[in-house]
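Fold and geometry: a report
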Amino acid sequence: MASNKLPVILVLFLAIRVEAIGVNWGTSASHPLPPSKVVELLKANNINKVKLFDTNSEIMEALSGSNIDVTVGIPNTMLRSLNSSLKSAHSWVHDNLTRYFSNGARIQYIAIGDEPFNQIYGEQFLPFVVGAAENIQTALTKAKLAGKVKLVVPCSFDAFRSESGSPSKGHFRADVNRTMAELLRFLSKHQSPFFVNISPFFSYRNNKNISLDFALFKETARPHKDNHRTYKNSFDLSYDTLVSALSSAGFDKMDIVIGQIGWPTDGAANATSSNAQVFMKGLVDHLHSRAGTPLRPKEPPTETFIYSLFDEDQRNLTSGNFERHWGLFTFDGQAKYQFDLGQGSGKRANAQNIHYLSSKWCVVNNNQNMSNATARALEACSYADCSVLSPGGSCFNLSWPGNISYAFNSYYQQHDQRADSCDFGGLGLITTVDPSVGTCRFIVQLGTSNSALHQKFTMITIATILLWLVGGGL
């Protein structure tokens, strides 16, 4: 794994069309970097497009006047009220758009929901998606913003499929067909693109016919054939499956924007910085070539948003422990890896002048009775972030009781190094000696807490606990 301290050459943002590639900026972190620091980092790395998942006021104020194009998000939980109340839509536009436009924000898109078609939600949000979009559009028109910002709906990669695995047989899921048809008519009417999230990492994990080399754009990958078309990577395969689905629905010329795509660097087998480096270079080389795909030659996506800017220690772990490790940068704004598109070797900046908590860690006290240590560690992990301890993670090979110390420290840091958060029934010990081992980093948290925004902590799964307890775990 590459060092966390290496500078990144974020050539994502260079290519022929500099404006065509940006990043997702998530905020599911217990101790986020201050928005002003993040905007400095974006500017220092020539990143001029960001996609947000809400309209956090501090973030929007930091982005105002920055000349960075912004996609703002409306959470799924707001879709019902926006669908049923035009007044709510007017209020949302006034509160979340008008004042920021006045302050110099460059808002390009409004994302209606966050993957509302995702299969895990069933039909929970389907009745409200298009109605919410129509009401927001009406509110934009009244606010004289309709010509400045477009509405989009991020679509999950599981909303379309091909049972045979052939892109030419792509279609939308039967349960979303009706709503999707309404959405496509709305997007077409307002000349908005189709936002889709594509995940070669998930395709590799979930499909035995997708090899790691195929997912990573490697030339050694065995190609997939579809009639007379040849597919050399997982991205093109997924993209053209969507192209076929759009064509079957009668919208074969609709522009496509990749709303999320990336590769995680920890928390699972093959989720490593080295693989992420290979994947990102392959992706950006492919986009830079403007080769397009077999079904859309010479027509690459109009824009692509890399997922994501930072690691986020509060992300939901339902899909896997890797969910907290999608960042191009670590939680504290340090580049994870480097790659080059042949456009020079200019160094890219890490976040500067970062304020950390004190250089202190919480570890297990070996002089105490350790019989209850595993139970205490599991309790700590149910609130803190122990995702790197999972199989394939950067700290999975920590021997006992080093893994106990990691759990204790994670809890201690997340609770702002309060003395009582390193108690654990007398098993905890505060030290000023860094206990990090090899690639396993025992972090010191940032001196900025986001606890008021994130009161809920995601519990680790029972399956993860069992894996830790059985061989190599806690």
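Conventions adopted
Residues numbered from 1 in each chain as written. Predicted model: local features only at pLDDT ≥ 70, side-chain atom pairs only at ≥ 80, totals over all residues. Heavy atoms only, no water. Buried < 20%, exposed > 50% of the residue type's maximum accessible area, 1.4 Å probe, protein only. Helix = DSSP H or I, 4+ residues; strand = E, 2+ residues; numbered from the N terminus. Contact = heavy atoms within 4.5 Å. Phe/Tyr/Trp six-rings, centres within 6.5 Å; stacked < 30°, edge-to-face > 60°. Core = buried A, V, L, I, M, F, W, Y, C linked by side-chain atoms within 4.5 Å. Salt bridge = Lys/Arg side-chain N within 4 Å of Asp/Glu carboxyl O. Axes fitted to C-alpha atoms, helices over the stretch in contact; angles between N-to-C directions. Parallel < 35°, antiparallel > 145°, perpendicular 65-115°, else oblique. Left-handed = near helix turned anticlockwise from the far one by under 90°.

This brings us to helix H1 (residues 35-44). Here H1 has its buried residues at Pro35, Lys37, Val38, Val39, Leu41 and Leu42. Elements that come into contact with the buried residues of H1 comprise strand S1 (21-24), strand S2 (49-51) and helix H2 (57-63). At the exit of H1 stands Asn46, carrying a positive phi of roughly 60°.

Another aspect to go through is the packing of aromatic side chains. Scanning the entire structure with this criterion turns up 21 aromatic pairs. Between Phe172 and Phe194 the ring centres are 6.1 Å apart and the planes differ by 45°, which places this aromatic pair in the tilted class. Of this pair, Phe172 sits in strand S7 (residues 171-172) while Phe194 sits in strand S8 (residues 194-197); the two residues are 22 residues apart in sequence, bridging distant segments of the chain. Per residue, the accessibility class of Phe172 equals that of Phe194, and both read buried. The interplanar angle of 80° and the centroid separation of 6.1 Å between the aromatic rings of Phe322 and Trp326 together place this pair among those described as edge-to-face. The exposure class assigned to Trp326 is buried, which follows from its relative accessible area of 5%.

So, on to the nonpolar core. If you look at the biggest cluster of nonpolar residues, it comprises 103 residues, and the most contacted ones within it are Ile110, Ile136 and Phe194. Discounting residues that sit within four places of it in the chain, Ile136 has contacts with Ile74, Leu82, Ala89, Trp92, Val93, Ile110, Ile112 and Leu151. Core analysis: the second largest hydrophobic core is formed by 27 residues, Val364, Ala380, Cys381 and Cys440 among them.

If you walk through the whole model with that rule in mind, you get 13 salt bridges. Across the pair Lys49 and Glu303 runs a salt bridge, and its minimum N-O distance is 2.7 Å. You can see Lys49 sitting in strand S2 and its partner Glu303 sitting in strand S12 (residues 303-306), a full 254 residues away along the chain. For the pair shown, Lys49 and Glu303 are each scored as buried. Across the pair Glu323 and Arg315 runs a salt bridge, and its minimum N-O distance is 3.5 Å. Counted as one network, the salt bridges with shared partners bring together Lys49, Asp69, Arg106 and Glu303.

The next subject is the packing of helix H4 (residues 86-102) against helix H5 (residues 129-142). Where H4 meets H5, the closest approach of the two axes is 8 Å, and the angle between their N-to-C directions is 55°. Put simply, H4 runs oblique to H5. With respect to the hand of their crossing, H4 and H5 are arranged in right-handed fashion. Taken together, the residues of H5 that come into contact with H4 (itself represented by Leu86, Ala89, His90, Trp92, Val93 and Leu97) are Asn135, Ile136, Thr138, Ala139, Leu140 and Lys142.

Now for unusual backbone geometry. Cis peptide bonds are those with omega within 30 degrees of zero, and the linkage from Tyr307 to Ser308 qualifies with 0°. Within the fold, Ser308 resides in the loop between S12 and strand S13 (361-364). A cis amide bond links Trp400 with the next residue in sequence, Pro401, at an omega value of 10°. By the element assignment, Pro401 lies in the loop between helix H11 (373-381) and helix H12 (402-414). With a phi close to 60°, Asn46 is a non-glycine residue in the positive phi region. Along the polypeptide, Asn46 turns up in the loop between H1 and S2. By relative accessible area, Asn46 is classed as partly exposed at 37%.

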